[in-house]
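# Chain and residue survey
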Amino acid sequence: MSNLEQRLTELEVRLTFVDEAVQALTVADAEQSLHIAALERLVHDLRTELASMRTGQGHDPHSEPPPPHY
């Protein structure tokens, strides 16, 4: 095998590993995007629930007087 053929084979092997790594990163990115979207929905739901609990207890933060240092 000539030096050029050997170098070409090594480059093909490296390219295969790079392709596999890119694919793995793409899958991981897609999974993380799903997790982030789920967490954002959860935070939104929790904020909504907290606001309704405060309103249900008669606690409206907008009706409170400003703190004394104002």
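See the structure above.
The structure displayed is predicted, hence computed values, not measured ones. (Residues numbered from 1 in each chain as written. Predicted model: local features only at pLDDT ≥ 70, side-chain atom pairs only at ≥ 80, totals over all residues. Heavy atoms only, no water.)

## A word on the overall build of the chain
What counts, and what does not: Helix and strand definitions follow DSSP, with helices as H or I runs of at least four residues and strands as E runs of at least two, each counted in order from the N terminus. Note on method: radius of gyration uses C-alpha positions; expected globular size equals 2.2 Å times residues raised to 0.38. Classification of residues uses two cut-offs on accessible area relative to the type maximum, computed with a 1.4 Å probe and protein chains only: under 20% is buried, over 50% is exposed, and between them is partly exposed. Note on areas: these come from Shrake-Rupley sampling with a 1.4 Å probe, and a residue is covered only by the protein chains present in the view. In this tally, Asp and Glu contribute negative charge and Lys and Arg positive charge; neither His nor the terminal groups of the chain are included. Each charge is placed at NZ for Lys, CZ for Arg, CG for Asp and CD for Glu.
Scanning the chain from N- to C-terminus turns up one helix and zero strands. In terms of overall dimensions, the chain is more spread out than a globule: its C-alpha atoms have a radius of gyration of 28 Å, far above the 11 Å expected for 70 residues. For the chain, buried positions account for 0% of its 70 residues. Total accessible area computed for the chain in this model is approximately 6,700 Å², and 61% of it derives from carbon and sulfur atoms. Measuring between centres, the 5 positive side-chain charges of the chain sit 5 Å from its 12 negative side-chain charges.

## A word on the environment of Ala 24
Tracing the sequence through the fold places Ala 24 in helix 1 (residues 3-56). According to the relative accessible area criterion, Ala 24 is partly exposed, its value standing at 47%. Sequence spacing of Ala 24 and His 35 is 11 residues, and the spatial spacing of their C-alpha atoms is 17 Å.

## A word on the environment of Ser 52
Under the convention used in this document: For the purposes of these results, a polar contact is taken to be a pair of N or O atoms within 3.5 Å, where, inside protein, one atom must be able to donate a hydrogen and its partner to accept one; residues adjacent in sequence count only when each atom of the pair is a side-chain atom.
Structurally, Ser 52 is set in helix 1. In sequence terms Ser 52 and Ala 21 are 31 residues apart; their C-alpha atoms lie 46 Å from each other. Here the side chain of Ser 52 touches Glu 49 through a polar contact of 2.9 Å, landing on its backbone oxygen.

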